Amino acid sequence: MDSLDHMLTDPLELGPCGDGHGTRIMEDCLLGGTRVSLPEDLLEDPEIFFDVVSLSTWQEVLSDSQREHLQQFLPHFPEDSVEQQNELILALFSGENFRFGNPLHIAQKLFRDTEPAESGFL
């Protein structure tokens, strides 16, 4: 995850919250072998999650090297691999069903419904 390390370790600017105390509830998670703290709202609120984990984030926020790094985790196809991977990415972010559901929707549901010790949270 070298190309993404800075995104996972740079501190977030935490502005004031609705309670006026300027603090947010964070949950520690394991992503691969890296421990990160993520805002609870990101994990539990589908609207926030899908605003962040979106095609526009993929296209407009991630750098070419970050996208290339993440694409290595996608299936490789014998012919037109790049084109088929791009179609897969579009299907993933559009909510298309992959046999047993959409992986992003399943992940968000697991984040929302699972206790920290059960889902890779610390």
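A brief report on the enclosed structure follows. Predicted, not measured: the structure shown is a model, and the values here were computed from it.

## As for the overall build of the chain
Looking only at helices and strands, the chain features seven helices and two strands. Beginning at the N terminus, the succession of helices and strands in the chain can be written as α-β-β-α-α-α-α-α-α. Residues counted as buried form 25% of the 122 residues belonging to the chain. Contacts in the chain between residues at least 24 apart in sequence constitute 42% of all its contacts with a sequence separation of at least 6. Accessible area for the chain stands at about 8,600 Å²; split by element, carbon and sulfur atoms hold 54% of it.

## A short note on the pattern of salt bridges
As enumerated under the stated definition, the model contains two salt bridges in all. Between Asp-28 and Arg-35 there is a salt bridge, and its shortest N-O distance comes to 2.7 Å. Residue Asp-28 is classed as partly exposed on the basis of its relative accessible area of 22%. For Asp-64, the salt bridge identified is with Arg-67, shortest N-O distance 2.3 Å.

## Some thoughts on unusual backbone geometry
Residues other than glycine predominantly adopt negative phi, and peptide bonds predominantly adopt the trans conformation. The phi torsion at Asp-80 lies on the positive side, around 50 degrees, for a residue other than glycine. The residue Asp-80 is located in the loop between helix H5 (64-71) and helix H6 (81-93) in this model. Among the residues examined, Asp-80 registers a relative accessible area of 58% and is labelled exposed.

## Points about the packing of aromatic side chains
For the structure shown, the criterion picks out three aromatic pairs. Residues Phe-49 and Phe-50 carry aromatic rings whose centres are separated by 5.0 Å and whose planes lie at 90 degrees to one another, so their mutual orientation is edge-to-face. Residue class for Phe-49 comes out buried when judged on its relative accessible area of 6%. Site record: aromatic cluster; members linked through ring pairs are Phe-49, Phe-50 and Phe-111.

## Quick notes on a negative patch on the surface
On the surface, Asp-41, Glu-44, Asp-45, Glu-47 and Asp-51 cluster together into a negatively charged patch. For the negative patch, the elements supplying multiple residues, two or more each, are helix H2 (40-44) and helix H3 (46-52). Among the structural elements, Glu-44 can be located in helix H2.

## Side note on the pairing of strand E1 (residues 26-31)
Sheet topology places E1 next to strand E2 (residues 34-39); six bridges connect them, and they run antiparallel. The residue of E2 that forms the bridge with Glu-27 is Leu-38. The hairpin turn running from E1 into E2, its antiparallel successor, is two residues long, and Gly-32 in that turn takes a positive phi close to 65 degrees.

Reading the values: the criteria
- Residues numbered from 1 in each chain as written.
- Predicted model: local features only at pLDDT ≥ 70, side-chain atom pairs only at ≥ 80, totals over all residues.
- Heavy atoms only, no water.
- Helix = DSSP H or I, 4+ residues; strand = E, 2+ residues; numbered from the N terminus.
- Buried < 20%, exposed > 50% of the residue type's maximum accessible area, 1.4 Å probe, protein only.
- Contact = heavy atoms within 4.5 Å.
- Areas by Shrake-Rupley, 256 points an atom, 1.4 Å probe, with all protein chains shown as cover.
- Salt bridge = Lys/Arg side-chain N within 4 Å of Asp/Glu carboxyl O.
- Phe/Tyr/Trp six-rings, centres within 6.5 Å; stacked < 30°, edge-to-face > 60°.
- Patch = residues over 30% accessible without salt bridge, like charges linked within 9 Å, V, L, I, M, F, W, Y side chains within 5 Å.
- Lys, Arg positive; Asp, Glu negative; His and termini not counted.
- Charge placed at Lys NZ, Arg CZ, Asp CG, Glu CD.
- Pairing = 2+ DSSP bridges.

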